[in-house]
Amino acid sequence: MRNFAKWCNNIEELDLTNCKKITDSMCVDLGQHCRRLQRLELDSCIQITDASLEAISRGCPSLEYIDVSWSGITDTGLDHMCRGCPRLKAIVAKGCHLISNDGLRSVGQHCSQLRHLNLKNCFKLSQTKHFDDDGIRGITRGCHALEFLCVSGCLHLSDSILLALSLGCPKLRTLEVAGCSQLRDIGFQALAKNCHELRRMDLEECVLITDTTLQHLARGCPLLERLSLSHCELVTDAGIEHIAQGECSSEHLAVLELDGCPLISDAALNCLAACRTLQRIELYDSQLVTKGGIRKLEKQLPNIKVHAYFTPSSNTPSMADAAQQPEQGLCCCIQ
């Protein structure tokens, strides 16, 4: 790899995803010879440490995109990279459990051009090292051009990050907060007030939100294209009616995920018939939805794909049939 870096010194993009034998020495060579490097993918290169980011920061000032997911980087490496690569537009650091508030504050201080930040599953590793609201607030103070943020699986976040995003990142287009179970209606109310560019939202397992959140999104996010509410168990038909009556429903909404929403029924599907752009809806384990309701929606929206799960017929089978056929549900895709 040393010869590669030396003789291919004009390289601009390099993808080493899942190259588990790649070590810091490779990145040292890149830093010494590849000053034009703009995109570097090191996803699942498990031997990569802060030494790699320090070398890259010294020698690759044109770097715009880096993926260090599932590596051993810490706040120190992140700080080196942010200081040495001022053109960074995208940082992907999924599963980097050693990143804390200090590292995220460095991103906010030095990466003013950042557009994309993925911190999925950067949850607490120990009792003393993790990031929470303060780290995300640090991002919003300096990364005002941010368009994509994923913090799914980050368990310590509360409504204050949504308020901070509303005030500091009005250009946000994608927000993924799946599993952030402390987020509530009041936070999404603040978000919808200023983040009118939102197009994709993953709110799966945000278990405290109610129809009130959907009311605010329907009013404040007219460009919404994809919305996941799976396992948001307090959402009801009334909330879906808010979305169906919002501006996004007639022009933009294409995907709606409602898996595991026990209060959603055929009444919600009746409202969604007005969503002429709807292409796919997920209804697994939404037990109040019936086949009849889905068939009606399919007639009204002929191009829609409906993914749903139904229990077997309630008719009691004979003992012979029961012995031959295991109990199972019916998984279907209706187009």
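The structure this text deals with has already been given above.
### Topic: the overall build of the protein chain
Link 1 in the chain: Looking only at helices and strands, one finds 14 helices and 13 strands in the protein chain.
Link 2 in the chain: Counting every position in the protein chain, which comprises 335 residues, the buried fraction comes to 52%.

### Points about the pattern of salt bridges
Link 1 in the chain: Across all of its chains, the model carries 11 salt bridges by this definition.
Link 2 in the chain: Close ionic contact of arginine 280 with glutamate 257 constitutes a salt bridge, the shortest N to O distance being 3.6 Å. With arginine 280 in strand 11 (residues 280-283) and glutamate 257 in strand 10 (residues 255-257), the pair connects residues that are 23 residues apart, well separated along the chain. For the pair shown, arginine 280 and glutamate 257 are each scored as buried.
Link 3 in the chain: Glutamate 282 is the partner of arginine 280 in a salt bridge, and the nearest nitrogen-oxygen pair spans 2.5 Å. Each of the two residues, arginine 280 as well as glutamate 282, counts as buried.

### Quick notes on the packing of helix 8 (residues 185-194) against helix 9 (residues 211-220)
Link 1 in the chain: At a minimum axis distance of 9 Å, the contact between helix 8 and helix 9 shows a crossing angle of 0°. One way to sum up the angle between helix 8 and helix 9 is to call them roughly parallel. Seen from helix 8, the contacting residues are Asp185, Phe188, Gln189 and Ala192; seen from helix 9, they are Thr212, Thr213, His216, Leu217 and Gly220.

### Looking at the environment of glycine 103
Link 1 in the chain: By secondary structure assignment, the location of glycine 103 is in helix 5 (residues 101-110).
Link 2 in the chain: Excluding anything up to four places from it in sequence, glycine 103 contacts Asp75 and Leu78.

### Let's talk about the side chain of arginine 199
Link 1 in the chain: One can find arginine 199 in the loop between helix 8 and strand 8 (200-202).
Link 2 in the chain: Here glutamate 197 takes part through its backbone oxygen, which lies 2.8 Å from a polar atom of the side chain of arginine 199.
Link 3 in the chain: The contact partners of arginine 199, leaving out residues within four places of it in the chain, are Arg173, Leu223, Leu224, Glu225 and Arg226.

### Observations concerning the packing of aromatic side chains
Link 1 in the chain: For the structure shown, the criterion picks out zero aromatic pairs.
Link 2 in the chain: Geometry around tyrosine 65 places arginine 39 over its ring, the cationic atom sitting 3.7 Å from the centre.

### Considering the nonpolar core
Link 1 in the chain: By size, the foremost hydrophobic cluster in this structure holds 97 residues, and its most contacted members are Leu175, Met201, Leu203, Leu227, Leu229, Leu272 and Ile281.
Link 2 in the chain: If near-sequence neighbours (up to four positions away) are discounted, leucine 175 is found in contact with Leu149, Leu162, Leu165, Leu191, Leu198, Arg200, Met201 and Asp202.

### Focus: the state of the cysteines
Link 1 in the chain: Taken as a whole and judged by the stated rule, the model has zero disulfides.
Link 2 in the chain: With no disulfide of its own, cysteine 85 has cysteine 60 as its nearest cysteine by sulfur position, at a separation of 6.7 Å.
Link 3 in the chain: Take cysteine 261: it sits in no disulfide, and the sulfur closest to it among the cysteines is that of cysteine 232, at 6.0 Å.

The rules behind the values
- Residues numbered from 1 in each chain as written.
- Predicted model: local features only at pLDDT ≥ 70, side-chain atom pairs only at ≥ 80, totals over all residues.
- Heavy atoms only, no water.
- Helix = DSSP H or I, 4+ residues; strand = E, 2+ residues; numbered from the N terminus.
- Buried < 20%, exposed > 50% of the residue type's maximum accessible area, 1.4 Å probe, protein only.
- Salt bridge = Lys/Arg side-chain N within 4 Å of Asp/Glu carboxyl O.
- Axes fitted to C-alpha atoms, helices over the stretch in contact; angles between N-to-C directions.
- Parallel < 35°, antiparallel > 145°, perpendicular 65-115°, else oblique.
- Contact = heavy atoms within 4.5 Å.
- Polar contact = N/O pair within 3.5 Å; in protein donor to acceptor, adjacent residues only side chain to side chain.
- Phe/Tyr/Trp six-rings, centres within 6.5 Å; stacked < 30°, edge-to-face > 60°.
- Lys NZ or Arg CZ within 6 Å of the ring centre and 35° of its normal.
- Core = buried A, V, L, I, M, F, W, Y, C linked by side-chain atoms within 4.5 Å.
- Disulfide = S-S within 2.5 Å.

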